[in-house]
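Tertiary structure, described
So the chains spell out like this:
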Amino acid sequence: MKFRKINTLKGEVTVPGDKSISHRAVMFGSLAEGLTEVTNFLQGADCLSTIDAFRKMGIEIENNPEKILIHGKGLHGLKAPSLVLDMGNSGTTTRLISGILAGQDFESTLTGDASIQKRPMRRIIEPLSMMGANIVSVNGNDCAPLHIAGSPLHGVHYHSKVASAQVKSAVLLAGLYADGETLVTEPALSRNHTEIMLRYFGAELDAEDKTARVRPEPRLFGRKIHVPGDISSAAYFIAAGLLVPGSEILIKNVGINPTRDGILKVAREMGGNITLLNENYNGEPTADLLVKHSTLHGVTIEGDIIPTLIDELPVINIMAACADGTTVIHDAAELKVKESNRIDVMVQYLSAMGCDITGTDDGMIIRGGQPLHGTTVDSHLDHRIAMSFAVASLVADGETEIKGSDVVTISYPDFYKDLARLCR
Ligand code: S3P
């Protein structure tokens, strides 16, 4: 797909439902007793992989356009899948479901696409094995395919080396099937949607600072869930609105959970004009975001804020490339093990567009303010790379071509349509 520099962005946009929350609604709804109704569910390929996996384990899930209906069968209601479970491109499905499968009384095998088969699974194999799980990497490379033979599990206190909601959630979900309480402590607090939603379904779970604790064998009950808009999808419009001269955009109903809102803090620190309207703090907090074009300057991004903006770093790189001065990003080595190596890929293509950027072991240094020019970008089948460079193209001279641009179906199927609607 080809893109050109635009004059300005104006209007309103409603981004699709949050990916992390949509996955969890299907998973926890399947483990609950009775009906779970989910509105504003993200119809992206990753979340459809989650639906497909639970259907293969005997859960009836009706995917209607306005509402998902999950006919949950309780904590012990899953059936052995007769086929290999296909996770597609979804790391969240793979890691969270492994925690659930570890505690079942059947065997299962998980696999996924080429990207999933390269992503590190030692981070869940290790804690789940400590709990007594029987989980192996079929090819012995600590990646999927994974074979899991359900077994009796013990409660543990796991101190995770990485701040990862996927690891934390896998351990907490296995903890539902353990013989005692399970605790997870992480080096910095990662997104806490599992903690919030499991408690809403009826689990005995408490969280304090960087530790979450769950008690086993709860009865979970079907619930109604309205999924807020995904701040990770809103991030592209935040960046575009700030960067393109004369822009003013209203992004409606965006989730602003404090474990996810690092992009707002960083954008404001860079000088970005963002106003929160209609803030709502019932359950997962939400707000409308009014974004106006701003002159940005470089900042340092490091430490505990990193997990709260980990998926937004590629588009923050684009903001930094257009900002005056230097932006330094540390403590973000996790970028190397996302859907692509997001340090290498961002350095490769931002350099090709004329930006002065250097990759480091745990982030990047961007000396911003050079004019960007169009180039050809390969998405590396990474949805966030494709959307980030679509934003860069709006301010770059000449034409930018994004190969593999269709990959946005993972998290935001209508992204290009919504973006085009705002372009003037
Ligand atoms: C996710 C957690 C994050 C994030 C991913 C979704 C989740 O991964 O990058 O897109 O839904 O739990 P890590 O927890 O592994 O950092």
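Look up: the structure comes first, before these words.
Residues numbered from 1 in each chain as written. Predicted model: local features only at pLDDT ≥ 70, side-chain atom pairs only at ≥ 80, totals over all residues. Heavy atoms only, no water.

A short note on the environment of alanine 133
Within the secondary structure layout, alanine 133 lies in the loop between helix H4 (122-130) and strand S8 (134-137). In sequence terms alanine 133 and alanine 149 are 16 residues apart; their C-alpha atoms lie 7.5 Å from each other. When near neighbours in sequence (up to four residues on either side) are disregarded, alanine 133 contacts Ala102, Leu128, Ser151 and Leu153. (Helix = DSSP H or I, 4+ residues; strand = E, 2+ residues; numbered from the N terminus. Contact = heavy atoms within 4.5 Å.)

Considerations on the site of the ligand
What surrounds the ligand is the set Lys19, Ser20, Arg24, Thr92, Ser164, Ala165, Gln166, Arg191, Ile310, Asp311 and Lys338. In this structure, an oxygen atom belonging to the ligand sits 2.7 Å away from a main-chain N or O atom of alanine 165. Within the backbone of glutamine 166, an N or O atom sits 3.0 Å from an oxygen atom of the ligand. Protein chains shield 94% of the accessible area of the ligand, which is 380 Å² for the free molecule. Contributions of two or more residues to the shell around the ligand are made by helix H1 (19-31) and helix H5 (165-175). Per-element accounting of the shell around the ligand gives the leading share, three residues, to H1. Among the residues making up the shell around the ligand, the classes are represented as two nonpolar, four polar and five charged. (Near = heavy atom within 4 Å. Polar contact = N/O pair within 3.5 Å; in protein donor to acceptor, adjacent residues only side chain to side chain. Areas by Shrake-Rupley, 256 points an atom, 1.4 Å probe, with all protein chains shown as cover. Nonpolar A, V, L, I, M, F, W, Y, C, P; charged D, E, K, R; others polar.)

Section: the pattern of salt bridges
Within the structure shown, the criterion is met by 27 salt bridges. The salt bridge involving arginine 215 is made with glutamate 204; its shortest N-O contact spans 3.5 Å. Taken together, the positions of arginine 215 in the loop between strand S13 (211-214) and strand S14 (224-226) and glutamate 204 in the loop between helix H6 (193-201) and strand S12 (205-208) put the pair 11 residues apart, joining distant regions of the chain. A salt bridge links arginine 213 to aspartate 206; the shortest N-O distance between them is 3.3 Å. According to the relative accessible area criterion, arginine 213 is partly exposed, its value standing at 27%. (Salt bridge = Lys/Arg side-chain N within 4 Å of Asp/Glu carboxyl O. Buried < 20%, exposed > 50% of the residue type's maximum accessible area, 1.4 Å probe, protein only.)

A closer look at the packing of aromatic side chains
For the coordinates displayed, the defined rule picks out nine aromatic pairs. Note on tyrosine 200 and phenylalanine 201: the rings are 6.3 Å apart at their centroids and 70 degrees apart in plane angle, and the pair reads as edge-to-face. A relative accessible area of 36% means that tyrosine 200 is categorised as partly exposed. A centroid spacing of 6.0 Å and a plane angle of 80 degrees characterise the contact between tyrosine 349 and phenylalanine 389, whose relative ring orientation is edge-to-face. With a gap of 40 residues between them, tyrosine 349 in helix H10 (residues 342-352) and phenylalanine 389 in helix H11 (residues 383-393) connect regions that are remote in the sequence. Residue tyrosine 349 is classed as buried on the basis of its relative accessible area, which comes to 8%. Residue classification places phenylalanine 389 among the buried positions, given a relative accessible area of 0%. By the ring-pair criterion, three or more aromatic residues cluster together here, those being Phe3, Tyr236, Phe237, Tyr412, Phe415 and Tyr416. (Phe/Tyr/Trp six-rings, centres within 6.5 Å; stacked < 30°, edge-to-face > 60°.)

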